[in-house]
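Residue-level structural notes
Given next are the chains, with one letter for each unit.
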Amino acid sequence: KIRMYSVKDFGYIIHEFDPWFNFRTTEYLAENGASKFFKWYDYKSWYPIGRPIGTTIFPGMQFTGVWIWKALKWVPVITLDIPLPKFVYQWYKSFKARLSRRGWIHLPPLPKNPNFGPMSLNDVCVLIPAWFGSIASAFCGLLTYEVSRSINAAIVAIGIMAIIPGHLMRSMAGEFDNEAVAMSIICSTFWLWLRSVRTPSSWPVGLLAGLSYYYMVATWGGYIFVLNLIGVHALVLVGLGRFNSGVYKAYTIFYVLGTFLAMQVPVVGWTPLRSLEQMGPLGVFLGYQVLAVCDATRRSRNLSVWQFVRFRISAFMALGVGLVVAVAVLAPMGFFGPLSSRIRALFVQHTRTGNPLVDSVAEHQPASAAAYKHYLHMPLDYCFLGSLVCLFNRNNGCYFAALYGLVAFFFSGKMSRLVLICAPITSVMAGVWFGFAIDLLVETTLLLLGKEGPKMVTDGTKSTATTATEQSGGNKDAKGSKKSSKKAEDDGKSKRAKKNDSRSLADWPLEEYEEERRPGGIAQAKLMSKSFVLGLFPESAQQARRKCVQRYHDPIFRLALWLLLIFYLFFMSSFPQSVKGFLEYCDSNARSMSNAMVKFKAQGGRIIDDHWVGYNWIDKNTPQDSRIMAWWDYG
């Protein structure tokens, strides 16, 4: 509903300038097919030069519109009668009115006679931003779940992403622009990537991540952001000692499949292997191959720790020499392309990129603090609290969220239009915090009702609290690697039993992301550091720490914390008023963003349609090959 104001006020009309061009290319694709579309030279664009459409646009959105339009042709006209008692509609109406006074103004209506059937291509293109805005919200919730493992956090993130102005700005009905579809693909690609590296046995999901990335490449030039962020995350996992065969397979499948398919998009071509801004992920891919070869050699030759370390150093030195030779040979031949003007704009002053078209666009100016507050509003205030929650739940998703936040806020600070990519991570982090608070309230209530609480499990030097579900193997993904993990742990214990200083390392249980004790690397160094630090504390201090954890899970303590939180939220803080203000603010922004350029609402609600009438007059009273001279961003 919040995305449909423009349809309600003006009808099914495409907005602004780029969306009109996108709709025109979609019409051509629907009428002439893909073959002619990719060979189409449009003499009406970039006049008088003209424009080769197939090699200058990202066609994913156009194909999406045509596919949906054709699919709807097969849907018969259906009208459903939903027989609900009259008092249900009356009760729901009064219920909505009460919530509306508290700011909850976008509850869906109860359908009476919903109908389905074919739609015109124009109507499909008008509604695609609203449809994909909802899809992006759903994928943002899945991404949040992968970070927090909390269903409540996911639900809250879906609600925030659905109405946050930073997302509404590109997902209002009629805004038929690339970002409208791309935001949902960004969230889906990130979610699938995190799902593929959750456990060593999750790597087959990398295939879906590669396909989603291909869809992203075909839709928006922002695919470079997606590729580099996943590449950086894959590199950070190595630096954190979280590399394993599952992560290797997931990234290899994602990169090989995604890059191969991306090269089939005409506007991209060989760019993934030649563009400087995409060399980083390629380097990570090559490094992963070296790490995999080193691990295979360690197992086949049964190398000791120091032999393995020396072999790995030698292998990376060989890789470095090979890369230097390759660059020395290919660079003079002009194989590598320069950074694009838009990428340069992220690192230099926006008026000095060397491209006058890029320099002249207001959206390429740096974002201000007011812009962040305008587009991200209240959820931005809770991102820090969400980050604190992630500090105590350091899974692969949490590290990815940290990287996403740093990269998104850095680059959006350089180019204001990129505030758009801050909307998902802001929704995620705010959802993590609110999900944590809701989980605390819900779990406390369930404990009071008799649910079995977490039990302390002491395993060697590590003490953790687990639920009954986790103790019985509730994590389905962990089951796949349980046998290999047990065997690897037993092998590690037997091999390290000879060294007194290594016995404590084998006592640490394998984490969710681990499949074996990898010797001679960062993972082993981290365990040695943990064991050393814990060894500095006397047993009495460790017992006191375990008692504190037990007390936190005590129902009486949780009840007191529950009552304190409820009292603070609803009687001391301004949280209810802040939520109401945020909802009303989002609604106000949605109404202002719904104005089409050819029609808009003036003060008092009067609709000004002079442009619409003028364009229709030109269409009916001038020859089809007339040149109508106009100036806007890209001429």
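Residues numbered from 1 in each chain as written. Predicted model: local features only at pLDDT ≥ 70, side-chain atom pairs only at ≥ 80, totals over all residues. Heavy atoms only, no water.

This next bit is on helix α19 (residues 396-414). Counted at 1.5 Å a residue, the expected span for α19 with its 19 residues is 27 Å, and the 28 Å between its end C-alpha atoms agrees. Turning to α19, its buried residues are Asn 396, Gly 397, Cys 398, Phe 400, Ala 401, Leu 403, Tyr 404, Gly 405, Ala 408, Phe 411 and Ser 412. Next to the buried residues of α19 lie α5 (121-148), α8 (178-196), α10 (223-239), α17 (369-380), α18 (383-391) and α20 (422-448). (Helix = DSSP H or I, 4+ residues; strand = E, 2+ residues; numbered from the N terminus. Expected span 1.5 Å × (residues − 1). Buried < 20%, exposed > 50% of the residue type's maximum accessible area, 1.4 Å probe, protein only. Contact = heavy atoms within 4.5 Å.)

To continue, consider the nonpolar core. Proteins that are soluble and globular tend to have nonpolar side chains buried together. Grouped together as the largest cluster of nonpolar side chains are 121 residues, with contacts concentrated most on Phe 190, Trp 193, Tyr 251 and Tyr 404. When residues in this core are grouped by element, the largest group, twelve residues, is from α5. Beyond its immediate stretch of four places on either side in the chain, Tyr 251 contacts Trp 193, Ile 230, Gly 231, Ala 234, Pro 281, Val 284, Phe 285 and Tyr 288. Listed in part, the five residues of the second largest apolar core include Val 290, Cys 294, Phe 308 and Leu 319. (Core = buried A, V, L, I, M, F, W, Y, C linked by side-chain atoms within 4.5 Å.)

Our focus in this paragraph is the packing of α20 against helix α27 (residues 555-572). Two elements in contact, α20 and α27, have axes whose closest approach is 9 Å; the angle formed by their N-to-C orientations is 135 degrees. In terms of orientation, α20 lies oblique with respect to α27. Every pair of crossing elements has a handedness; the one defined by α20 and α27 is left-handed. Across the interface between the two elements, Ala 437, Leu 440, Leu 441, Glu 443, Thr 444, Thr 445 and Leu 448 of α20 pack against Arg 558, Leu 559, Leu 561, Trp 562, Leu 565 and Ile 566 of α27. The residue inventory of the contact of α20 with α27, partitioned by class, reads nine nonpolar, two polar and two charged. (Axes fitted to C-alpha atoms, helices over the stretch in contact; angles between N-to-C directions. Parallel < 35°, antiparallel > 145°, perpendicular 65-115°, else oblique. Left-handed = near helix turned anticlockwise from the far one by under 90°. Nonpolar A, V, L, I, M, F, W, Y, C, P; charged D, E, K, R; others polar.)

Together, Ile 78, Leu 80, Ile 82, Leu 84 and Phe 116 make up an exposed nonpolar region whose accessible area comes to about 390 Å². Within the secondary structure, Ile 82 sits in the loop between β3 (78-79) and α4 (86-101). (Patch = residues over 30% accessible without salt bridge, like charges linked within 9 Å, V, L, I, M, F, W, Y side chains within 5 Å. Areas by Shrake-Rupley, 256 points an atom, 1.4 Å probe, with all protein chains shown as cover. Salt bridge = Lys/Arg side-chain N within 4 Å of Asp/Glu carboxyl O.)

For α18, every residue scored as buried is listed here: Cys 383, Gly 386, Val 389 and Cys 390. Down the axis of α18, the smallest arc covering the buried residues is 110 degrees, so these residues share one side. Looking at the packing, one finds that the buried side of α18 touches α5, α17, α19 and α20. (Arc of directions from axis to C-beta.)

Moving on, we get to the pattern of salt bridges. By the definition in use, this model includes eight salt bridges. Residue Lys 373 pairs with Asp 381 through a salt bridge whose shortest N-O separation is 3.3 Å. Across the pair Asp 587 and Arg 591 runs a salt bridge, and its minimum N-O distance is 3.0 Å. Here Arg 591 and Asp 587 lie together in helix α28 (residues 575-593), a separation of four residues that amounts to about one turn. When salt bridges with common partners are traced through the structure, they connect Glu 146, Arg 149 and Arg 198 into a single cluster.

It is at 9 Å that the axes of α10 and helix α13 (residues 279-301) come closest, and there the two elements cross at 35 degrees. When you trace α10 past α13, the crossing you get is left-handed. Here α10 contributes Leu 227, Asn 228, Gly 231, Ala 234, Leu 235, Leu 237 and Val 238 to the contact with α13, which in turn contributes Pro 281, Val 284, Tyr 288 and Leu 291. Among the residues forming the contact of α10 with α13, the class breakdown is nine nonpolar, two polar and no charged.

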